[in-house]
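As a plain string of letters, each chain reads:
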Amino acid sequence: KGEFLKFSDRPVSETALEEKDSLLKSFFPVINETGPITAWKMIYKDLRKVKEFYSSKGSELIFDSQHCGYALSFQMSDKKERFFQDSFQCGENYFSDIPGETETLRRFLDHCVNFMNTAEPVQPGKYPVVLSPKVAGVFAHESLGHKSEADFMLGDEQMKKDWEIGKQIGEDFLSIVDDGNELGIGFTPFDDEGTAASKTYLIKNGKLSGRLHSTATAAEMEEHVTGNARAVEFEFEPVVRMTTTYIEPGDISKKELLSSVSRGIYIDSIRHGSGMSTFTLAPTRAFRIENGEIGNPVSVSVVTGNVFRTLQEIEGVSDELELFSFVGGGCGKMEQFPLPVGFGGPYVKVKSMDVQ
């Protein structure tokens with residue numbers, strides 16, 4: 001029981017429409033000055049939800065969530081018919097925290113122009129790969145997060161066996177977490193069954209450690225609830241969903257991590273990812289790694305792999321954790337889309353991945 005209103009002091013509804021409009025328009029000159037851009041769209045989005053929850057078990061809760069931000073999507077091309085598309089976006093819990101530095105966007109667009117003009121097709125094959133924190137977060141979400149949603153396991157004895165708690169599937173430094181208490185777009189203090197958020201280790205010290213549950217799946221599997229029964233709106237049935245999923249950082253620097261790669265690929269950003277037993281990442285920007293240094297850009301269509309094998313081949317994680325909140329899109333499951341989720345991690349080195 002109780003009232004848990006975290007965002008009542010600075011609700012996005014009290015920010016004037018003119019301020020939001022001005023934020024977007026401040027970026028327009030930079031976009032228009034970037035000659036190769038042939039089409040673009042920029043949106044602003046904010047949302048604050050106040051939920052009241054009552055149950056026959058005596059629950060009486062009032063709680064809120066809030067996020068806001070902008071997203072720019074664009075296409076580029078040049079006279080040589082080279083084509084490139086990407087996005088630039090930022091999500092926060094408070095409007096006042098949204099960065100409005102136009103120079104950051106300018107540097108990013110210049111970086112994209114250079115990538116389009118100089119990227120060469122990658123030679124397909126297996127390479128050591130370093131994932132940026134953003135890509136590592138998507139990998140954790142797609143490769144492990146969905147597999148850890150317990151409703152997928154009900155009635156599937158083989159899957160329960162494959163994902164048996166305590167099974168060693170990685171090195172001792174590898175831990176992956178889902179936590180609705182983390183601020184960001186995935187902040188979910190209570191799920192839609194009234195269960196408080198918890199920090200759930202999906203992998204801890206290289207071993208399968210937990211699953212994500214609703215009350216029904218927890219009862220069926222005789223495990224504890226985790227606060228992961230979520231619905232996109234009140235008219236939908238809550239199903240097991242992630243909140244903020246991330247790989248915990250290690251104790252070596254990004255430079256040290258890269259220095260161990262003599263010839264490999266660095267994946268800086270991706271368009272999308274998907275996966276269950278196998279996963280797929282579709283990069284937007286990737287670069288060669290030569291003698292421990294990030295080098296020339298390369299065009300990569302897809303990076304794929306087996307989930308278990310890839311987790312076992314993670315050889316290092318850096319000491320910095322970055323969490324991301326995107327306002328465009330979200331996670332989809334059972335026709336419920338888009339559900340706000342957060343993700344992130346450190347820089348992650350994988351011994352070998354299939355790069356095409």
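As the structure is a computational prediction, the values presented were derived from the model and not from experiment.

We now examine the overall build of the chain. Within the chain one finds eight helices and 22 strands. Scaling as 2.2 N^0.38, a compact globule of 356 residues should have a C-alpha radius of gyration of about 21 Å, and the chain matches this with 21 Å. Taken along its principal axes, the extent of the C-alpha atoms in the chain is 65 × 55 × 35 Å. Relative to its full complement of 356 residues, the chain shows a buried share of 49%. The contacts in the chain between residues at least 6 apart in sequence include a share of 73% that link residues at least 24 apart. Total accessible area computed for the chain in this model is approximately 16,700 Å², and 48% of it derives from carbon and sulfur atoms.

Our next topic: the packing of aromatic side chains. Following the criterion strictly, the structure yields 19 aromatic pairs and no others. Residues F139 and F279 carry aromatic rings whose centres are separated by 5.0 Å and whose planes lie at 80° to one another, so their mutual orientation is edge-to-face. Of the two residues, F139 sits in helix 4 (residues 133-145) while F279 sits in strand 14 (residues 278-290), which places them 140 residues apart along the sequence. The rings of F27, Y70, F74, F88 and F108 are connected pair by pair, giving a single aromatic cluster. Taking the ring centre of Y201 as reference, the NZ or CZ of K204 above it sits at 4.7 Å. Over the face of the ring belonging to F152 we find K333, whose NZ or CZ atom lies 4.3 Å from the ring centre.

Of all the residues in helix 1 (residues 17-25), the buried ones are K20, L23 and L24. One face of helix 1 carries all of its buried residues, which in axial projection span an arc of 95°. Structurally, helix 1 contributes buried residues whose contacts are with helix 2 (28-33), strand 2 (37-54) and strand 3 (60-77).

Here we take up the pairing of strand 15 (residues 293-299). When strand 5 (residues 120-121) meets strand 15, the two strands line up parallel, connected through two bridges. Along strand 15, the bridge assignment pairs P121 with S299. Across four bridges, the pairing between strand 14 and strand 15 is antiparallel. In the sheet register, A286 faces strand 15, and the bridge partner there is V298. The hairpin formed by strand 14 and strand 15 contains two residues between the paired strands, and N291 there has a positive phi angle of roughly 50°.

A surface patch of negative charge is lined by D251, E256, D319 and E320. Of note, E320 is situated in the loop between strand 17 (314-317) and strand 18 (322-324). Its relative accessible area of 30% is what places E320 among the partly exposed residues.

Bringing unusual backbone geometry into the picture now. Cis peptide bonds are those with omega within 30 degrees of zero, and the linkage from F337 to P338 qualifies with -5°. In this structure, P338 sits in strand 20 (residues 336-339). Its identity is not glycine, yet E335 carries a phi of approximately 65°, on the positive side. Tracing the backbone through its elements, the reader meets E335 in the loop between strand 19 (331-333) and strand 20.

Below, the discussion takes up the sheet that holds strand 8 (residues 199-204). Taking strand neighbours across the sheet as the criterion, the six strands line up as 9-8-7-12-21-18 in an open arrangement whose pairing is mixed. Because the sheet does not close on itself, it has two edges, and the strands there are strand 9 (207-208) and strand 18. Pairing geometry for strand 12 (residues 244-247) and strand 21 (residues 342-345), over three bridges, is parallel. The residue bridging Y246 from the neighbouring strand is G344, located in strand 21. In the packing of helix 4 onto the sheet, contacts are made with strand 7 (176-179), strand 8, strand 9, strand 12, strand 18 and strand 21, and the angle to strand 21 comes to roughly 115°.

Criteria and thresholds
Residues numbered from 1 in each chain as written. Predicted model: local features only at pLDDT ≥ 70, side-chain atom pairs only at ≥ 80, totals over all residues. Heavy atoms only, no water. Helix = DSSP H or I, 4+ residues; strand = E, 2+ residues; numbered from the N terminus. Rg over C-alpha atoms; globule rule 2.2 N^0.38 Å. Buried < 20%, exposed > 50% of the residue type's maximum accessible area, 1.4 Å probe, protein only. Contact = heavy atoms within 4.5 Å. Areas by Shrake-Rupley, 256 points an atom, 1.4 Å probe, with all protein chains shown as cover. Phe/Tyr/Trp six-rings, centres within 6.5 Å; stacked < 30°, edge-to-face > 60°. Lys NZ or Arg CZ within 6 Å of the ring centre and 35° of its normal. Arc of directions from axis to C-beta. Pairing = 2+ DSSP bridges. Patch = residues over 30% accessible without salt bridge, like charges linked within 9 Å, V, L, I, M, F, W, Y side chains within 5 Å. Salt bridge = Lys/Arg side-chain N within 4 Å of Asp/Glu carboxyl O. Lys, Arg positive; Asp, Glu negative; His and termini not counted. Charge placed at Lys NZ, Arg CZ, Asp CG, Glu CD. Axes fitted to C-alpha atoms, helices over the stretch in contact; angles between N-to-C directions.

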